[in-house]
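Fold and geometry: a report
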Amino acid sequence: MFITFEGPEGCGKSTHSKKIKHYLEEEGHQVLLTQEPGGTQVGKQIRTMLLDPRSVFDETTEVYLFAADRSEHVTKIIIPALAAGKIVISDRFTDSTVAYQIGGRGLPEDLVRYINMVSSRGLVPDLTILLDISPENGLKRALQTGAKDRFEKEALEFHQRIRHKYLAIAKDNPARVKVVNTDETEVEKVQSKIRRIIVEQINEKFGNKK
Ligand code: TYD
């Protein structure tokens, strides 16, 4: 089973995906938690380039770098783990590229969707948890964790377009993408909502067996 966490800056993906991993392991599942960009050795180098505020990229170069990262990630990490029967949780995947590179940067839909298909080898998550947050709150939260990266430095409108695109993705894919709002500050309340969604999906897929 392949689960992805998505959302704008400061939505709490990392916190919640880690907690879900621990929870599922306690329930007896084998879980691999990974991330994009940076889920492989080469990917870590690509991630450094992508997040460095000193990097100046053309938008097309940027999307190719995310695609290169994903290509490594899918073939070397995700597909082998799924084949070994693990639940794979990825902090960001193809929806990030749609939200950030189409919504945020304004790249053509066709180009990005094609690049996503090639880089992911057609792999589509079984379930996507979209953590929704207002860009004002999200950026405030993201900045508590240190210096701004290249994306966090972008204007508020850029982040508003990303949120908008994420919500459009959810609307177009209601069976796969479940939206959980995290403007709510109580982490445990949000976490229990996410757990409920994931457990329901696992029961559906595996018929209650672990
Ligand atoms: P990350 O540290 O994962 O972001 P956050 O901590 O906010 O979740 O950094 C990844 C950044 O890269 C994030 O700003 C979103 C961006 N991104 C894209 O623009 N396109 C993509 O396809 C992916 C995977 C990430």
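Residues numbered from 1 in each chain as written. Predicted model: local features only at pLDDT ≥ 70, side-chain atom pairs only at ≥ 80, totals over all residues. Heavy atoms only, no water.

**Considerations on helix 6 (residues 135-143)**
We count it as follows: Three exposure classes are used, based on accessible area relative to the maximum for each residue type with a 1.4 Å probe and protein chains only: buried under 20%, partly exposed in between, and exposed over 50%. Note on conventions: DSSP H or I runs of at least 4 residues are helices, E runs of at least 2 residues are strands, and numbering of each starts at the N terminus. Each C-beta atom gives one direction from the helix axis, and the arc is the one those directions make. Residues count as neighbours in contact if any of their non-hydrogen atoms are within 4.5 Å of one another.
If you check which residues of helix 6 are buried, you get Pro135, Gly138, Leu139 and Ala142. What you see down the axis of helix 6 is that its buried residues fit within an arc of 95°, all on one side. Against helix 7 (156-172) lie the buried residues of helix 6.

**Here's the deal with the UniProt feature "domain: Thymidylate kinase-like" (unreviewed entry) in the chain**
Spelled out, the test is: UniProt positions are given in the numbering used here, feature names are shortened, and annotations may be inferred rather than shown by experiment.
According to UniProt, the feature "domain: Thymidylate kinase-like" (unreviewed entry) maps to residues 5-194 in the numbering used here. Along residues 5-194 one finds 56% helix and 12% strand; the C-alpha atoms at either end are 10 Å apart.

**Considering the UniProt feature "binding site: ATP" (unreviewed entry) in the chain**
As annotated by UniProt and renumbered to match this structure, "binding site: ATP" (unreviewed entry) occupies Gly7, Pro8, Glu9, Gly10, Cys11, Gly12, Lys13 and Ser14. Tracing the sequence through the fold places Gly7 in the loop between strand 1 (2-6) and helix 1 (13-26). When residues no more than four places from it in sequence are discounted, the contact partners of Gly7 are Lys13, Arg92, Tyr100, Leu130, Leu131 and Tyr166. Summarising the element assignment, Ser14 is placed in helix 1. Take Ser14: its relative accessible area is 36%, and that puts it in the partly exposed class.

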